[in-house]
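# A structural walkthrough
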Amino acid sequence: RKQFEIDNVSPLTRANEAFEQWGERRQFRRLRRQQQAMETENGMRAALNSYTNNLVFGESYKLNADKQERRRLIRTYDQLPDVTSVVRSDLDLRDLYRNQILTKMDDARAECQYLKESNTDEYDELLSLLKEVQAACQEWFDFIPEKDKREALDIVMAEQKRMN
């Protein structure tokens, strides 16, 4: 605030803002506890979330859109998306693919259990589900730069050699 500036915000407005912030923080902590409980039950969820939670985004981005798409964005929104919108969109899409992976894996487990119990050789549905898991995994991993994937693979291979 500037020196000698008069603050016209009422005490009620300040109290309301403080209450809203408290509620948002409380909601975030509750959601985080739920997420941690789900991660404890599902190692795949924990691994995907761990990567996403450790992402660091910069203060700018490069828009990979052609001229027509840029024009459409500017006409529709009077501007290009800001960094916060781009990051939020990126994280939402990662969560969408993560949820697809987890849902299809659950479906595949259930189908596998059904096949074991029914003594049938009809594997078409299971194969279809596993292909959908693979496609969702590919979409999720496509967010990761190739350099990072190679580096991670090198670390895993070195660790595997060390253990053998």
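First, a word on scope: everything that follows refers to the structure included in this document.

What counts, and at which threshold
- What you see as residue numbers is a count from 1 along each chain, following the sequence as written.
- Local features in a predicted model are, by the rule used here, given only for residues with pLDDT of at least 70; side-chain atom pairs are given and counted only at 80 or more, and totals for whole chains, interfaces and linings are based on all residues.
- With hydrogens and water excluded, all non-hydrogen atoms of the structure serve as input to the side-chain values.
- We count a stretch as a helix when DSSP gives it H or I for four or more residues in a row; a strand needs E for two or more, and each element gets its number in order from the N terminus.
- The span one expects for a helix is its residue count, reduced by one, times 1.5 Å.
- Think of it in three bands: with a 1.4 Å probe and only protein chains considered, a residue is buried below 20% of the maximum accessible area for its type, exposed above 50%, and partly exposed in between.
- The arc in question is the one spanned by the directions pointing from the helix axis to the C-beta atoms.
- By the convention used here, residues are in contact when the closest approach between their heavy atoms is within 4.5 Å.
- Any Phe, Tyr or Trp ring, taking Trp's six-membered ring, that has another such ring centre within 6.5 Å forms a pair; planes under 30 degrees apart are called stacked, those over 60 apart edge-to-face, and the others tilted.
- Throughout this description, the term salt bridge denotes a Lys or Arg side-chain nitrogen within 4 Å of a carboxyl oxygen of Asp or Glu.

## Some remarks on the environment of Arg 72
Considering the arrangement of structural elements, one finds Arg 72 in helix H3 (residues 67–77). Separated by 49 residues in sequence, Arg 72 and Asp 121 have C-alpha atoms that sit 52 Å apart.

## Focus: helix H5 (residues 124–141)
With 18 residues, H5 should reach 26 Å at 1.5 Å per residue; the first-to-last C-alpha distance of 26 Å fits that figure. Among all positions in H5, only Leu 126, Leu 129, Val 133, Ala 136 and Trp 140 are buried. On an axial view of H5, the arc spanned by its buried residues comes to 90 degrees, and they lie on one face. Those residues of H5 that are exposed and aimed more than 90 degrees away from the buried face are Asp 124, Lys 131 and Gln 134. Residues of H5 that are buried sit in contact with helix H2 (43–53) and helix H4 (83–118).

## As for unusual backbone geometry
The phi torsion at Asn 119 lies on the positive side, around 50 degrees, for a residue other than glycine. Along the chain, the position of Asn 119 falls in the loop between H4 and H5.

## Some details on the packing of aromatic side chains
Enumeration according to the criterion identifies 3 aromatic pairs in this entry. Between Tyr 97 and Phe 143 the ring centres are 6.2 Å apart and the planes differ by 50 degrees, which places this aromatic pair in the tilted class. Taken together, the residues Tyr 97 in helix H4 and Phe 143 in the loop between H5 and helix H6 (146–163) connect sequence positions 46 residues apart. The exposure class assigned to Tyr 97 is buried, which follows from its relative accessible area of 15%. When its relative accessible area of 23% is taken as the criterion, Phe 143 is described as partly exposed. With a centroid separation of 5.1 Å and an interplanar angle of 80 degrees, the aromatic rings of Trp 140 and Phe 141 are classed as edge-to-face. With a relative accessible area of 36%, Phe 141 lands in the partly exposed category. One aromatic cluster is present, built from ring pairs that chain together Tyr 51, Trp 140 and Phe 141.

## Some remarks on the side chain of Arg 45
In this structure, Arg 45 sits in helix H2. The contacts of Arg 45, once residues within four sequence positions are left out, are Gln 35, Met 38, Glu 39, Arg 98, Asn 99 and Leu 102.

## Regarding the pattern of salt bridges
Tallied over the entire structure, the rule returns 7 salt bridges. In this structure, Asp 95 and Arg 98 form a salt bridge, with 3.6 Å as the shortest nitrogen-oxygen distance. Remark: Arg 98 and Asp 95 occur in helix H4; sequence separation between them is 3 residues, near one turn of the helix. On the accessibility criterion, Arg 98 (7% relative accessible area) is buried. Linking Asp 106 and Arg 109 is a salt bridge whose minimum nitrogen-to-oxygen distance equals 2.8 Å. Of the two residues, Asp 106 and Arg 109 are both situated in helix H4; the distance of 3 residues between them amounts to about one turn of the helix. Under the relative-accessibility criterion, Arg 109 is labelled partly exposed at 45%.

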